[in-house]
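# Reading the structure
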Amino acid sequence: MNQILKHAKPQKSNSDITVGLPSSMMFYAHGELWEDFFSKLGCHVEKSGPTSREILNRGVSLCSSEVCMPVKVFTGHVDALAKRTDYVFIPRYISMGRHEMDCPKFCGLPDMVRINLHNKVNLMEVDIDFDKGTEKTKASLGSISNTLGIDYETVKNIFVNSVQNKLDTDMKVGSVEPGIKNMPSIAVLGHPYMIYDEMLSMGLISKLKQKNFQVLTPNSLTRNVRRSHLPIFKNRNFYELGSDILGSASAFLELPQVKGMIYLSPFACGIDSLVTEFIERHLHNTEKNMPFMKITVDEHTGEAGFDTRLEAFLDMIED
Amino acid sequence: MKITFPHMGDAYISVKVLLDELGLDYYMPPVGSHETMEIGIANSPEFMCLPFKKVLGDFINGLNNGADTILFGESGGQCRMSYYGDLMQDILRSMGYKFNYIHFNFSHLTYKEAARNLGPFLTGKSKLSVIKAAVNAGWTVFAVDKLYALSRKIRCREIKHGTTDKIMREFEQKAQTVHGFKNIHRALTEARKELKHVEIDKTFEPVKIALVGEIFISSDSFTNLEIEKKLGNMGAYVHNTMGVSEWIFKHFIKYMIPFNRRDKSIEAAQPYMHTDDIGGHGIYTIGNTELLSHGSYDGIIQIYPFTCMPEIIAQTTLGEIQRKNGVPVMTLILDEMTGETGYITRLEAFVDMLRFQKEQKYEEKNQKEPIKHPKLKHVS
Ligand code: SF4
Ligand code: SF4
């Protein structure tokens, strides 16, 4: 009976399959690549869109309180997609390249989310551990090929063209924002999913722009610049995001138009506890007197208090 | 040249044997000192994990007491521990200290590397005497571990309350003051003999608790507020999955043995975490909880320092394991502000709950077939 039912179910073609891409965490860096990957596989791609209060609250209620805010928010995004898609895609980033690694939480992300959603979500994952090689990636592409019923070689080729090659160039060059202008600037430091998320960053970047500052972020620099300015951990394993931020901070020190730096950090982030400390020590050692402010935010941070601190910091710079 | 080294639980006993046998000059920071801990906290970034703060405190204490060389070992991997050294050196140098820093990554330790690092200390010593010192230190690691395991068995069953604690306190005092392998060996043997003579209640059946979690806190009785002793004195038998010997075994001995089988607990973690490594020992926390929650233990306690990334990931899965296997899991998160009273209350409540559950299980069984009711209440 079961057998009959199974066969009776009309086979979905790939264009009927909707893959959800949570617009959170590393999708700020690689979202487009994965969107391209799944579109080329013939899937319909659906994104969860900007973080809303509802997504945030949902994530907070699904996760244990110890988890950092970005993971909570991410869980909220997946939850929003779980209801309206067939699969939700979560990459498992372990290492993005030689001597690069990711926060342990990226390594456990698909599992954490699956369990926090009580196994009520179909996940697709691709494992990236390029420091060690491509073996794990191949295995996970294999299961995507099974799930979608597309032969492995095709999946692999699309992956190589849409994702791997682009990640490689990204690792080598880095994306460059349109030329840095010579005008008063503030460097905004932090993980992409903190500084580019309007909700989590309390609109920090727009607020600075409104005050007529040019806003520079790690993305304003090429990857080469970020890596060559690393004050520590050159050619040694360190967290990729950490290296990006550390290198940027020290590169920004050399730009005369940068008037101050703001580090936006989620409460109790393990990586930031190291990175912010290294930045502050580096600033101190170089004796450049660069105004530096670390703002720690969590789900309870109020916007009023945030704005007050920002105003005070900008007043100090303009004096 | 005077060496200093940080504490992690009872590891100091073996480190002392090693340094004594090599005839090296060293200074050992005091065991379990609140004062050194405070200094460490005051000079550490707020959100660094507790082990960092404690280790830094030990280093500062060591340098203040004439040491000029720091010995530090870690097991590498995707966690902050790998960067402890970089940050600590920077902090200490900016505090004005001058010192030699020797770093061991136990996961990649080779004889060559050890010889290169320790070279200056070993001049004039024969290879044989170096190997002998290492072997004696290695033996001590496992002997110390066995002694503590025995004490956990005895403590929860002792008739005269406090006997085990007294023997262990005396042993620790000796271990801290005497020198050389022979003397440590004697202290170990004596303590073992005394423990074996402690009068115990053989009919008493303690609730059994397995301890999982971050390795530094799990094995360091000072930072974990003596969890093994506390639970033992509440009449619970504790099995600690994360002793110092476990660490040496995982990261050192296993690395040297070419025969590479996947760890049992990593295997057991797979249904919950589809990967082999989530940094630190997080994957072992998951695997051990799964392995030990099929009837061999009445409850599991996960313990970790505030902001510990691998254990936060692991914690997510423990609720699921508890639901599936029906064994209660409690998570304790420690930081420098953790108060003793609240901590004891939580431990007591957990032990009471486990005891209640166990009694109920026996009662259910009793109704089916009359069996001799084991004594579950603690005697003293
Ligand atoms: S880097 Fe920090 S914020 Fe991001 S997942 Fe890791 S702990 Fe959380
Ligand atoms: S395992 Fe936890 S306590 Fe240990 S270094 Fe990593 S974050 Fe810190």
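Because the structure is a prediction, the values reported are computed rather than measured. Here the residue index of a chain counts from 1 through its sequence in written order. Labels are handed out in written order, letters beginning with A for the chains and numbers beginning with 1 for the ligands. A pLDDT threshold of at least 70 governs which residues receive local features in this predicted model, and a stricter bar of 80 or more applies before side-chain atom pairs are shown or counted, although totals over entire chains, interfaces and linings include all residues. Note that water and hydrogens are dropped before the side-chain values are worked out from all heavy atoms of the structure.

### Quick notes on the overall build of chain B
Looking only at helices and strands, one finds 15 helices and eight strands in chain B. In terms of its C-alpha atoms, chain B occupies a principal-axis envelope of roughly 70 × 45 × 45 Å. Throughout this description, buried means an accessible area under 20% of the type-specific maximum (1.4 Å probe, protein chains only), exposed means over 50%, and partly exposed covers the range between. The buried share among the 380 residues of chain B stands at 58%. For this analysis, residues touch if any pair of their heavy atoms sits within 4.5 Å. Across chain B, contacts joining residues at least 24 apart in sequence account for 74% of those joining residues at least 6 apart. A total accessible area of about 16900 Å² is found for chain B, and carbon and sulfur atoms account for 55% of it. Between the averaged position of the 46 positive side-chain charges in chain B and that of its 45 negative side-chain charges there is a distance of 6 Å. Each helix corresponds to a stretch of at least 4 residues labelled H or I by DSSP, and each strand to a stretch of at least 2 residues labelled E; elements are numbered beginning at the N terminus. Per-residue and other accessible areas were derived by the Shrake-Rupley procedure at a 1.4 Å probe size, with only the shown protein chains allowed to occlude residues. We treat Lys and Arg as the positive residues and Asp and Glu as the negative residues; His and chain ends play no part in the count. Taken as the charge centre is NZ of Lys, CZ of Arg, CG of Asp or CD of Glu, depending on the residue.

### A closer look at the pattern of salt bridges
Residues and elements named next belong to chain A. Between Lys or Arg on one side and Asp or Glu on the other, a salt bridge is scored when a side-chain nitrogen of the former is within 4 Å of a carboxyl oxygen of the latter. Within the structure shown, the criterion is met by 37 salt bridges over all chains. Among the ionic pairs, Lys166 bridges to Asp36, the shortest N-O distance being 3.9 Å. On the criterion of sequence distance, the pair formed by Lys166 in helix α7 (residues 152-172) and Asp36 in helix α2 (residues 27-40) is long-range, its members being 130 residues apart. On the accessibility criterion, Lys166 (39% relative accessible area) is partly exposed. Across the salt bridge formed by Glu46 and Arg84, the nearest N and O atoms sit 2.6 Å from each other. In this pair, Glu46 is assigned in strand β2 (residues 44-47) and Arg84 in the loop between α4 (69-82) and β3 (87-89), connecting sequence segments 38 residues apart. Several salt bridges share partner residues, and in doing so they unite Glu100, Arg223, Arg226, Arg227, Glu240 and Asp244 into one network.

### Let's talk about the site of ligand 1
All names here are of chain A. Proximity criterion: a residue is near a molecule or strand once any of its heavy atoms comes within 4 Å of it. Taken together, Met25, Cys68, Pro70, Cys103, Lys105, Phe106, His191, Tyr193, Pro266, Cys269, Gly270 and Ile271 are the residues near ligand 1. Both site types are read off a 1 Å grid over the protein atoms alone. A 1.4 Å probe that fits but cannot get out defines a cavity, while an open set with protein on both sides within 12 Å along at least five of seven lines defines a pocket; lining residues have an atom within 4 Å of a point. Placement in a cavity or pocket follows one criterion, namely that more than half of the molecule's atoms lie within 2 Å of its grid points. Structurally, ligand 1 is housed in the largest cavity. Residue classes in the shell around ligand 1 are distributed as nine nonpolar, two polar and one charged. Classification convention: Asp, Glu, Lys, Arg as charged; Ala, Val, Leu, Ile, Met, Phe, Trp, Tyr, Cys, Pro as nonpolar; all other residues, Gly among them, as polar.

### Some points on the site of ligand 2
All names here are of chain B. Around ligand 2, a shell composed of Cys49, Pro51, Cys79, Arg80, Met81, Tyr84, Glu214, Pro305, Cys308, Met309 and Pro310 is seen. Counting residues per element, the ones that place at least two in the shell around ligand 2 are α4 (81-94) and α14 (309-325). Residues belonging to the shell around ligand 2 are distributed by class as follows: nine nonpolar, no polar and two charged.

### Notes on unusual backbone geometry
Residue and element names in this part refer to chain A. The residue His118 is not glycine, and still its phi comes out positive at about 55°. Within the secondary structure layout, His118 lies in the loop between α5 (104-116) and β6 (123-124). For His118, a relative accessible area of 46% puts it in the partly exposed group. For Asn119, which is not glycine, the phi torsion reads 60° and is therefore positive.

### Looking at the domain arrangement of chain A
Residues and elements named next belong to chain A. Start and end positions for the domains come from either an automated domain assignment or a database one. What the domain assignment reports for chain A is domain 1 (3-172) and domain 2 (185-318). In this assembly, 24 residues from domain 1 lie in contact with 22 residues from domain 2. Accessible surface is computed with a 1.4 Å probe, and the buried area is the amount of it that two parts give up when combined, taken over both parts together. With both sides pooled, the region where domain 1 packs onto domain 2 buries about 2300 Å², and carbon together with sulfur makes up 62% of that total. On the domain 1 side of the contact with domain 2, Tyr28, Met69 and Met101 bury the most area, a combined 28% of that side's loss. The tally of links between domain 1 and domain 2 comes to three salt bridges. Residue Glu100 is joined to Arg223 by a salt bridge in which the shortest nitrogen-to-oxygen separation is 2.8 Å. Any N or O atom pair separated by 3.5 Å or less is treated as a polar contact, with the protein-specific requirement of one donor-capable and one acceptor-capable atom, and with residues adjacent in sequence counted only for side-chain atom pairs. At the boundary of domain 1 with domain 2, the tally comes to ten residue pairs in polar contact (both at pLDDT 80 or more). For the side of domain 1 that touches domain 2, the secondary-structure elements that each account for two or more residues are α3 (53-62), α4, β5 (100-101), α5 and α7. Looking at which element gives the most residues to the side of domain 1 that touches domain 2, the answer is α4, with four residues. In terms of residue class, the side of domain 1 that touches domain 2 is made up of 14 nonpolar, three polar and seven charged.

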